Amino acid sequence: MSDLPRRAAAILWKDILSETRTRQGFTAMLSFAALVLFMFSFAIGVDNDLLGRLAGGLLWVAIVFTGTLSLGRTFQNEELAGGTRLLRLYPGDVRAIYLGKLAGNLVVLAALEVVLFPAAAILYQVDFTAQAGPLLLVAVLGTFGFSVIGTFFSALTVHLRARELLLPLLLFPALVPVVLGSVGATEAFLAGDPLGRAGGWLRLLASYDVILFVVCLWIFPVVLEE
Amino acid sequence: MSLAVAAEGVTRRFGRRWALRGVDLTVPRGAVVALLGANGTGKTTLLRLISTLLKPTAGRLEVLGHTLPAGGDEIRTGAAFMTAGGHAYEELTGVENLRFAARMSGTDATDDDLRDALAAFDLRGAADLPVRGWSTGMRKRLELARLRLRPLELVLLDEPFVSLDEDGVGLVHDAVRGWRDAGAAVVIASHRVEDASRHADDVVRLVGGRVDDVTA
């Protein structure tokens with residue numbers, strides 16, 4: 001294995017191993033996500049039509065809020081271990097750190113969505129299975145975009161005193177195209193895409209994902225400098 | 001004799017505070033240099049500059065034949081920096097921490113290699129226990145074991161004797177001797193004058209971010 005993927009895989013292995021040993025972060029995320037889904041369900045009431053129409057938006061809001069909790073922890077375990085910047089002492093491209101952390105966030109969010117999608121289907125009485133393939137593509141693109149920006153801003157704010165406040169403040173505006181694209185595409189597919197709008201949302205998502213990934217990967221080494 | 005480190009007028013400022021001012025330092029390959037000084041005199045900052053964690057504000061710093069900021073990756077391949085606070089993941093065991101370090105360094109270390117490195121610092125019995133339950137001294141030994149995973153040309157040790165018992169201090173001395181005998185340069189920043197100076201070819205005293213005295 002070449003240097004960059006090997007080192008990224010080492011970081012992913014280490015983070016997953018730590019998470020599976022404690023399970024604290026994931027358990028808290030799941031509880032929070034369930035709470036958010038329930039609150040929306042209670043707030044909207046028993047209007048099943050309305051719940052069904054809003055399901056895509058509610059689901060992605062739950063993913064974004066819960067995912068933000070996960071992002072905040074991305075580099076905090078490095079700080080507890082002595083400091084994120086100490087990872088720079090290892091030889092090789094520091095972008096491996098970004099890629100490893102990004103992969104870790106993707107795994108955690110994917111695990112979260114495996115639970116959230118069925119939970120939302122039951123609570124909001126929507127059928128995700130009818131458009132399973134297209135919705136899976138939306139989930140992949142949306143989750144990737146969220147993780148790409150989130151991992152970057154998590155690294156950017158890890159040394160700041162008000163990081164818990166600053167991370168969402170920086171993250172949410174940058175996430176607007178990802179949320180718009182994900183919600184738009186999810187709602188379009190759930191409605192059977194009668195107006196053929198889903199393709200436009202997917203193109204927006206895919207384009208934004210690629211641009212952000214390239215920019216974040218390119219800038220990341222500067223973020224870790226002192 | 002070729003030099004592992006050559007600093008000329010190296011200066012580093014953090015905002016308005018000058019951590020180092022015009023530091024000149026030479027560390028020949030195969031030599032041990034002790035960096036002594038009170039708190040805040042710039043010992044750690046100098047080690048961080050040499051390790052490439054920081055960039056000098058001014059001056060010329062050559063490490064392992066590369067003038068910074070160029071050659072950072074080559075320097076990190078040949079050099080290792082043991083920080084005073086250490087670098088260990090609480091949920092991982094001793095072996096897993098070393099395995100992570102080996103993978104990140106590009107070292108092909110077998111499980112036996114990792115356990116041998118731990119055994120060299122009397123950690124064989126704790127090898128499969130999470131670091132969370134380890135004492136500060138055991139974590140310091142783990143840091144030293146991490147440095148044994150790959151051949152090094154330059155070893156930077158920040159307060160290596162702190163938190164260690166007598167046996168641990170002896171193991172640090174053995175390790176320093178081993179690196180020096182293998183031709184590596186070793187720079188030790190410490191408050192413990194006697195321990196830091198024991199194998200030192202040069203003793204450098206820093207005062208207020210400047211080199212106050214060099215004793216051969």
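For the structure itself, look to the data block above.
Residues numbered from 1 in each chain as written. Chains lettered and ligands numbered in written order. Predicted model: local features only at pLDDT ≥ 70, side-chain atom pairs only at ≥ 80, totals over all residues. Heavy atoms only, no water.

**Re the nonpolar core**
Line of reasoning, step 1. Counting residues in each nonpolar core, the largest one holds 107 residues, and the members touching the most others are L157(B) and W179(B).
Line of reasoning, step 2. No other element matches the eleven residues that helix α5 (residues 95-124) of chain A contributes to this core.
Line of reasoning, step 3. With 32 residues, the next largest nonpolar core counts L54(B), F81(B), L156(B) and V187(B) among its residues. (Core = buried A, V, L, I, M, F, W, Y, C linked by side-chain atoms within 4.5 Å. Buried < 20%, exposed > 50% of the residue type's maximum accessible area, 1.4 Å probe, protein only. Helix = DSSP H or I, 4+ residues; strand = E, 2+ residues; numbered from the N terminus.)

**Notes on a nonpolar patch on the surface**
Residue and element names in this part refer to chain A.
Line of reasoning, step 1. A grouping of I211, V215, W218, I219 and V222 is seen on the molecular surface, where their side chains present a nonpolar patch of about 510 Å² in accessible area.
Line of reasoning, step 2. Counting through the fold element by element, W218 comes out in helix α8 (residues 198-223).
Line of reasoning, step 3. In this structure W218 comes out as exposed when scored by relative accessible area, which is 64%. (Patch = residues over 30% accessible without salt bridge, like charges linked within 9 Å, V, L, I, M, F, W, Y side chains within 5 Å. Areas by Shrake-Rupley, 256 points an atom, 1.4 Å probe, with all protein chains shown as cover. Salt bridge = Lys/Arg side-chain N within 4 Å of Asp/Glu carboxyl O.)

**Concerning the interface of chain A and chain B**
Line of reasoning, step 1. In this assembly, 25 residues from chain A lie in contact with 28 residues from chain B.
Line of reasoning, step 2. With both sides pooled, the region where chain A packs onto chain B buries about 2600 Å², and carbon together with sulfur makes up 59% of that total.
Line of reasoning, step 3. For chain A, the biggest contributors to the area lost against chain B are L89(A), Y90(A) and E226(A); these three give 27% of the whole.
Line of reasoning, step 4. Counting the contacts that link chain A with chain B gives two salt bridges. (Contact = heavy atoms within 4.5 Å. Buried area = accessible area lost by both parts, 1.4 Å probe.)

**Side note on the packing of aromatic side chains**
Line of reasoning, step 1. The final tally for this structure, using the stated rule, is nine aromatic pairs over all chains.
Line of reasoning, step 2. Pairing Y90(A) with F100(B) gives two aromatic rings, centres 6.2 Å apart and planes at 80°, and the pair type is edge-to-face. Of this pair, Y90(A) sits in the loop between α4 (76-80) and α5 while F100(B) sits in helix α3 (residues 94-105), on two different chains. We note that Y90(A), like F100(B), is buried.
Line of reasoning, step 3. Every member of this aromatic cluster is reached through a ring pair, and the members are F75(A), Y98(A) and F220(A).
Line of reasoning, step 4. Lying over the aromatic face of F100(B), K14(A) brings its terminal NZ or CZ to 5.3 Å of the ring centre.
Line of reasoning, step 5. Over the face of the ring belonging to W13(A) we find R103(B), whose NZ or CZ atom lies 4.4 Å from the ring centre. (Phe/Tyr/Trp six-rings, centres within 6.5 Å; stacked < 30°, edge-to-face > 60°. Lys NZ or Arg CZ within 6 Å of the ring centre and 35° of its normal.)

**What to know about the side chain of H173(B)**
Residue and element names in this part refer to chain B.
Line of reasoning, step 1. Within the secondary structure, H173 is located in helix α6 (residues 166-181).
Line of reasoning, step 2. Judged by relative accessible area, which is 3%, H173 ranks as buried.
Line of reasoning, step 3. When sequence neighbours within four positions are dropped, the list of residues in contact with H173 reads F161, D195, R198 and H199.

**Quick look at the layout of surface pockets**
All names here are of chain A.
Line of reasoning, step 1. Space inside the largest pocket adds up to approximately 740 Å³.
Line of reasoning, step 2. Along the walls of the largest pocket sit 31 residues, with S18, E19, T22, R73 and N77 positioned nearest its centre.
Line of reasoning, step 3. Breaking the lining of the largest pocket down by element, the ones donating at least two residues are α1 (3-22), α2 (24-44), α3 (48-73), α4 and α5.
Line of reasoning, step 4. Per-element tally for the lining of the largest pocket: the top contributor is α1, with seven residues.
Line of reasoning, step 5. Each residue belonging to the lining of the largest pocket can be placed in one class, and the counts come to ten nonpolar, twelve polar and nine charged. (1 Å grid on protein atoms, 1.4 Å probe; cavity = no way out; pocket = protein on both sides within 12 Å on 5 of 7 lines; lining within 4 Å. Points joined across faces, edges and corners; volume = space filled by probe spheres on them. Nonpolar A, V, L, I, M, F, W, Y, C, P; charged D, E, K, R; others polar.)

**Details of the pairing of strand β3 (residues 32-36) of chain B**
All names here are of chain B.
Line of reasoning, step 1. With respect to burial, β3 is a largely interior element, five of its five residues being buried.
Line of reasoning, step 2. Residues of β3 alternate between two faces, with V32, A34 and L36 on one and V33 and L35 on the opposite face, all of them buried.
Line of reasoning, step 3. The pairing of β3 with strand β8 (residues 185-190) spans five bridges and is parallel. When the bridges of β8 are listed, V33 appears paired with V187. (Pairing = 2+ DSSP bridges.)

**A word on the pairing of β8(B)**
All names here are of chain B.
Line of reasoning, step 1. Within β8, six of the six residues are buried, which leaves it mostly tucked inside the rest of the structure.
Line of reasoning, step 2. Alternating positions in β8 separate into two faces, A185, V187 and A189 on one and V186, I188 and S190 on the other, with burial throughout.
Line of reasoning, step 3. Across five bridges, strand β7 (residues 154-158) lies against β8 in parallel orientation. Across the sheet, residue L157 finds its bridge partner in β8, namely I188.
Line of reasoning, step 4. In this fold, the crossover linking β7 to β8 by way of α6 has right-handed handedness. (Right-handed = clockwise from strand over helix to strand, strands pointing away.)

Function cannot be inferred from these measures alone, as they are strictly geometric.
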